[in-house]
Amino acid sequence: MGKKKKIYNGRKIIKEFLLDKNYNIEDIDSYVGFIIDDLNQNNFSFFNEYNINETDNYISFFIINSYDDCKLIVEQIKKQDTMSYDLYYFIIFVNNYEIKVKIQDSLKKLKKQIIEKFKCKPIDIIFEIIHDVKINKTEFPVKIDSRISSIVMDLKNQNLEKQNNVISKISSIVCTANLFDLTTIYNDLGDILFNQNVRYKIKDYLDVDKNIKQTLAENPEDFWYLNNGITLIARSQKCINKNSPDKIVLKYNNENDLSIINGAQTVFSATDFFHNPKNNADSSVIEKAKNHAKVLFRIMYQNDISDDCKEELDKISISLNRQKPIVIEDILYTHNFVFEINKLYEDNIENKYYFYISKRGAYNLTKNHYDLKTFSRAYFACCGNPGKARNQSTNNLLKELSSNLKNIDEEYFNIHLKPINFLIELGRKYDEKSMSKDINTVDDRTVVIQNGRYYFLSFIVNILKDGDDFKNFNYIGCNVPDNIDKLIGLFVNVVLRTIEKNAIKDINSNNFKTDHLYNLILNECNGDEIENIKNNFK
C-alpha cells in the first residue's frame, strides 16, 4: 500500500454526500470528522461501522494514491461482514487524473469481487471517483519560448488611463507555451481548474478531441497553428512568477487562484493523450509531443485583488467561448441570480430546501444540484404554469427566468423557490411511472399520464401550498413516497372528470401545452381528494 495521504477538499464532498442521503445525523460535522480521521490514518473508512443510525446502504470511503492501492479496496471488503444492503456505495478519492483513469479501468474487476462477497446485483453497486485537490502552495512551471518576446497588455504598456473598461482591471501576458506543462496542471487539479469557465467540457460534435490527439501523435509541431489557444485567469500577479527567461511559474495556494476560461476541451483532450495509461501511442511518440507541441497561451490577472472583477471575467469567458457552440444556458450561468442561489446553498448546506445550479456539462454527485434547463422547467411548474414548463423552448424559459429572478435572499427564496427540490424529486418518480412497461395501452388514462407530467407537479405543489406563497411549505425530496401510483391515479381521475364536465372531445398532447385545462382542474378537485393527496405526504 502507498504512503498515507491526507484528504484536502474531501470534507465538503463527504458532508454533501451524507446530507443528500437523508441519514438524519444529528452532528454531521463531527460525524464527517470521524470519517476524515479514519481516511487520514488508514486510507479507508466504513460508514456502517459507526452505528450512529441504521441504513440500508453500504457506504465506504477510500484514498487511492496508486494503482496498486486498488488492492486495499479488495482487502478491506473481504474483512467486512456479509450483509444484504439495498445499495453499495464506494467513494474513492484520488489525487490526479492519471490515477483516476487507472481506477476506472479496474472497476469491472472490483465489481466482480464485490458481487462475490455480498451476493448482490451489479446494478446495486455505485462507484464515485473524486479528484481530491491539494490546495497547499503548489507551483506549476510552464516552459515558454521566451519571456522577452512575450506580449504584455496593461495600462502602462498601452499608454491608457484607468477608465471603466476591462483593461483597467485586467492585465494579460501572451506567449507560446509547452502544452504538456499545461496538462500537468489539470492532471493535479482536475475540473476545479475550470471553475470560472462558463461551462465544463461538453459533448464533442465536431471530433475536436479526435483531431487534437491525432495532431499530437502525428504532427505535434503543427499544434500551435491548428489550435485557438488557451486562456488562464490568475487571481493576482502574485500567482505568476516571471523571473526566469524561459518559463513562467504559476502558483496555486487557494481555490480559484488559477482558472482556465477558454480552451477547456484542448486541456482535457491533451491531458488524456499525455496522462491516460490507455493511450496506445508509442512512448517515443508521446515524448516527441511533450517536447514539440506548443500552444498560444494567454495569462490574464487582476491588477488589484481587492477589485470586483466578476463582470469583466464573465464577459471575457463568454466572448472567448463564442468560437465554439455556446448556448443561452452558458451565458445565463453568469447571471447574478445563479450566484445568489448558489451562495445560499453553500452557506446553508444542511438546509434541505436550498439547491445548487451547476454549469452545463458538470457532473453532480449529489441530488440537489441541477443545470439551468432542469431548474427553469421546475420553476415554471412551481409557479403554476405547467403548460409553459412543458411547451416553451429552453431559450424562452431561460430569458423569462432571468427577468423574473432578482435579489434572491433567504426571504425571497422561501416565498418563491422553496418547493424546487421536492418538485424535481416528485418529477423523477413520475418519470419512472410514465415510462414503465406496465403502461402499454393507448387510452385516455395513458394520454394523461404520458403528457401530464408538469400538470401533475403543479397540481401537487399547489395542493400542498399553505397560503398564497411557499413560506410555510414543509416538504423536501425525501417526503416523496417511493410509490406514487395512488397519487397519479387521483390526478388522472380529476383530469378525466374535468374533461368530461367541460365537454372536451379529444384528449391529446395539445391539451397540456397551455394552462387552460390546468386551471379547470384546480377548480374541480374536491375536499376529500385534496385531503387524500395530503395524507400521502405525511
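Residues numbered from 1 in each chain as written. Predicted model: local features only at pLDDT ≥ 70, side-chain atom pairs only at ≥ 80, totals over all residues. Heavy atoms only, no water.

Caption draft 1: Just the overall build of the chain, in detail. Along the backbone of the chain there are 23 helices and 14 strands. For the chain, the accessible surface area stands at approximately 26,700 Å², while carbon and sulfur atoms represent 45% of it. (Helix = DSSP H or I, 4+ residues; strand = E, 2+ residues; numbered from the N terminus. Areas by Shrake-Rupley, 256 points an atom, 1.4 Å probe, with all protein chains shown as cover.)

Caption draft 2: Expanded view of the environment of Ser 317. Mapped onto the elements of the fold, Ser 317 is located in helix 11 (residues 310–321). Under the relative-accessibility criterion, Ser 317 is labelled buried at 0%. (Buried < 20%, exposed > 50% of the residue type's maximum accessible area, 1.4 Å probe, protein only.)

Caption draft 3: Representation of a nonpolar patch on the surface in the model. The grouping of Trp 224, Tyr 225, Leu 226 and Leu 296 at the surface amounts to a nonpolar patch, some 450 Å² of accessible area in total. With respect to the secondary-structure elements, Leu 296 resides in strand 12 (residues 294–302). By relative accessible area, which is 30% here, Leu 296 ends up partly exposed. (Patch = residues over 30% accessible without salt bridge, like charges linked within 9 Å, V, L, I, M, F, W, Y side chains within 5 Å. Salt bridge = Lys/Arg side-chain N within 4 Å of Asp/Glu carboxyl O.)

Caption draft 4: Just the pattern of salt bridges, in detail. This structure, assessed with the given rule, holds 19 salt bridges. Between Asp 29 and Lys 15 there is a salt bridge; the shortest N-O distance is 2.9 Å. On the criterion of sequence distance, the pair formed by Asp 29 in helix 2 (residues 28–42) and Lys 15 in helix 1 (residues 10–20) is long-range, its members being 14 residues apart. With a relative accessible area of 43%, Asp 29 lands in the partly exposed category. For Lys 15, a relative accessible area of 14% corresponds to the buried category. Residues Asp 209 and Lys 213 are paired through a salt bridge, measuring 3.3 Å at the closest nitrogen-oxygen approach. Taken together, the positions of Asp 209 and Lys 213, both in helix 7 (residues 208–218) and 4 residues apart, correspond to about one turn of that helix. Among the residues examined, Lys 213 registers a relative accessible area of 22% and is labelled partly exposed.

Caption draft 5: The packing of aromatic side chains, seen in detail. For the structure shown, the criterion picks out 36 aromatic pairs. Taking 6.2 Å as the distance between ring centres and 45° as the angle between the ring planes, the aromatic pair formed by Phe 375 and Tyr 379 counts as tilted. One end of the pair, Phe 375, and the other, Tyr 379, are both in helix 14 (residues 372–382), 4 residues apart, so they sit about a helical turn from each other. By the burial criterion, Phe 375 is buried, and Tyr 379 matches it. Consider the rings of Phe 422 and Tyr 475, whose centres lie 5.9 Å apart with planes at 50°: the pair is tilted. Residue Phe 422 is located in helix 18 (residues 420–434), and its partner Tyr 475 is located in the loop between helix 20 (453–464) and helix 21 (485–501); the two are separated by 53 residues in the primary sequence. Each of the two residues, Phe 422 as well as Tyr 475, counts as buried. Among the aromatic residues, ring-to-ring pairing joins Phe 44, Phe 46, Tyr 58, Phe 62, Tyr 88, Phe 90, Phe 118 and Phe 127 into one connected group. Geometry around Tyr 454 places Arg 453 over its ring, the cationic atom sitting 5.0 Å from the centre. (Phe/Tyr/Trp six-rings, centres within 6.5 Å; stacked < 30°, edge-to-face > 60°. Lys NZ or Arg CZ within 6 Å of the ring centre and 35° of its normal.)

Caption draft 6: Summary view of the pairing of strand 2 (residues 57–64). With 8 of its 8 residues buried, strand 2 lies for the most part within the structure. Residue alternation in strand 2 divides its side chains into two sets, Asn 57, Ile 59, Phe 61 and Ile 63 and Tyr 58, Ser 60, Phe 62 and Ile 64, and both sets are buried. Relative to strand 2, strand 1 (residues 44–46) is paired through 3 bridges, and the arrangement is antiparallel. By the bridge assignment, Phe 44 is partnered in strand 2 with Phe 62. Relative to strand 3 (residues 87–94), strand 2 runs parallel, the two being bridged by 8 bridges. Each residue of the ladder has a partner; that of Asn 57, found in strand 3, is Leu 87. (Pairing = 2+ DSSP bridges.)

Caption draft 7: Seen up close, the packing of helix 21 against helix 23 (residues 527–535). In contact at an axis separation of 10 Å, helix 21 and helix 23 are set at 155° when each is read in the N-to-C sense. As far as their axial angle goes, helix 23 and helix 21 are roughly antiparallel. Considering the relative orientation of helix 21 and helix 23, their crossing is left-handed. Counting all contacts with helix 21, which are made through Leu 487, Leu 490, Val 494 and Arg 497, the residues of helix 23 involved are Glu 529, Asn 532 and Ile 533. Across the contact of helix 21 with helix 23, the residue classes tally to 4 nonpolar, 1 polar and 2 charged. (Axes fitted to C-alpha atoms, helices over the stretch in contact; angles between N-to-C directions. Parallel < 35°, antiparallel > 145°, perpendicular 65-115°, else oblique. Left-handed = near helix turned anticlockwise from the far one by under 90°. Contact = heavy atoms within 4.5 Å. Nonpolar A, V, L, I, M, F, W, Y, C, P; charged D, E, K, R; others polar.)

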